[in-house]
Amino acid sequence: MRKTVRHLADGREIVYFDDTAGAPPRVATDTRDLPAMAAASEIRRDPLTGEWVAMAAHRQSRTYKPPADLCPLCPTRPGRPSEVPEADYDVVVFENRFPSFAQDVAGAAGTLDAAGLVPVAPGTGRCEVVCFTSDHDRSFGELSRARVRTVVDVWADRTAELSALDGVAQVFPFENRGEEIGVTLHHPHGQIYAYPFVTPRTERMLATAAAYRAQHGRHVQGDVLAAERKSGTRVVAEGEYWIAYVPPAARWPVQVHVVPHRQVADLTELDPAERDDFARVYLEVLRRCDGLYDRPLPYVAGWHQGPVHGDPGLSWLHLELFSVLRGKDKLKYLAGSESGMAVWVNDATPEKIALRLRAVS
């Protein structure tokens, strides 16, 4: 894989990752007249829950559902410049033009209204867009196994690069797919958030892992994997190095965890064989998900990685995929209990979800 770093007209970094033999050198120039990026993100900590919330009002003007011929993620065409100056590409990553977090955010840490109750700080970090292919009409599940392997290498590369930035505490690569999820650009792409704090979900998982290790001397995820293999009722797919299963306390009508057999803290620690095997297992999971309702499944798929700082022995890398679709034309809404109290009510048991996924031919 060849990596080429360039810059867009407003100074944002763009990185090309080429896996095609004989791909041309990436030398195209962004000819657009763009103003310098001016992110104004701020984070505030809720005094009642202790959770950080990002404020990014500048994102209101971001691109919203453009027609396919004006897609900003497609390669540049004569008279139609895009975010990618090249006429074609394999995989490309660039800084988000409307980031929730950025490196050059003005401001200083303090408290809201000088009252001392609500900590406030600049939204320091970075947000990147990852385009998996130049083909506007494909999906991740339609990529070749070799391309998925390239994407895994790209995720690992970006995890290493972003983890080294000042102020970054956690790196989260993810993909949103489908309008039901809230996607506003249909080109196959994902994002990477480099947060200035450890996310609430990760903090909860680390605390649970620490308590379990103190009691049993083992990682809870390892015992979960052993139990899932022994039962088999929730397993959806398995390879030499990875297993995909519906979690035993699934919250969503479709939910799958894709987990390596070996404990690693983040994507950078995966060896070549593990990266190859992930591509095979994950493509099988996506094929089964799209066959569940005989339509493209809207989903969120994101990587749970260990924080940049902390005890790596408490983290166990895994990808979580979930969907809001509970029937071919029915959505799971986060109503009173879920939204108000974070107490989830699932309309299907994990065992039935897994059975239906395994039944996809």
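Residues numbered from 1 in each chain as written. Predicted model: local features only at pLDDT ≥ 70, side-chain atom pairs only at ≥ 80, totals over all residues. Heavy atoms only, no water.

Colleague: An account of the pairing of strand β15 (residues 318-323) is requested, with residue identities and associated values reported.
Modeller: Consecutive side chains of a regular strand alternate in pointing toward one face of the sheet and then the other. Counting buried positions along β15 yields six of six residues, so the element is predominantly enclosed. Bridge count between strand β13 (residues 254-260) and β15: five bridges; the pairing is antiparallel. Among the inter-strand pairings, valine 254 is bridged to a residue of β15, identified as serine 323. The pairing of strand β14 (residues 299-304) with β15 spans five bridges and is antiparallel. Looking at β15, one finds that tryptophan 303 is bridged to leucine 319. (Buried < 20%, exposed > 50% of the residue type's maximum accessible area, 1.4 Å probe, protein only. Helix = DSSP H or I, 4+ residues; strand = E, 2+ residues; numbered from the N terminus. Pairing = 2+ DSSP bridges.)

Colleague: Let's hear about the nonpolar core: which residues, and what values?
Modeller: Counting residues in hydrophobic clusters, the biggest one holds 53 residues, and the most contacted among them are Phe140, Trp155, Val258, Phe278 and Tyr282. Looking at this core, the element that brings in the most residues is helix α4 (residues 272-292), giving nine residues. One finds Leu8, Cys74, Tyr89 and Val92 within the second-largest nonpolar core, a separate group that totals 13 residues. (Core = buried A, V, L, I, M, F, W, Y, C linked by side-chain atoms within 4.5 Å.)

Colleague: Give a detailed account of the sheet that holds strand β6 (residues 110-111), specifying residues and quantitative values.
Modeller: Read across the open sheet, the four strands follow the order β4-β3-β7-β6; overall the sheet is antiparallel. Unpaired on one side and paired on the other, β4 (52-55) and β6 mark the two borders of the sheet. Bridge count between strand β3 (residues 42-45) and β4: four bridges; the pairing is antiparallel. Following the sheet pairing, arginine 45 is matched in β4 by tryptophan 52.

Colleague: Before we move on, can you summarise the sheet that holds strand β5 (residues 91-95) with the specific residues and values?
Modeller: One open sheet accounts for eleven strands, arranged β1-β2-β5-β8-β10-β9-β14-β15-β13-β12-β11; its pairing is antiparallel. Across the chains shown, the open sheet's two edge strands, defined by having one partner strand only, are β1 (2-7) and β11 (235-238). Along the sheet, successive strands turn relative to each other by an average axial angle of 20°, direction set aside. Relative to the sheet, helix α3 (residues 220-231) contacts β11, β12 (242-245), β13 and β15, its axis offset from that of β12 by approximately 75°. On the sheet, helix α6 (residues 350-359) packs against β11 and β13 and is oriented at approximately 45° with respect to β11. (Axes fitted to C-alpha atoms, helices over the stretch in contact; angles between N-to-C directions. Contact = heavy atoms within 4.5 Å.)

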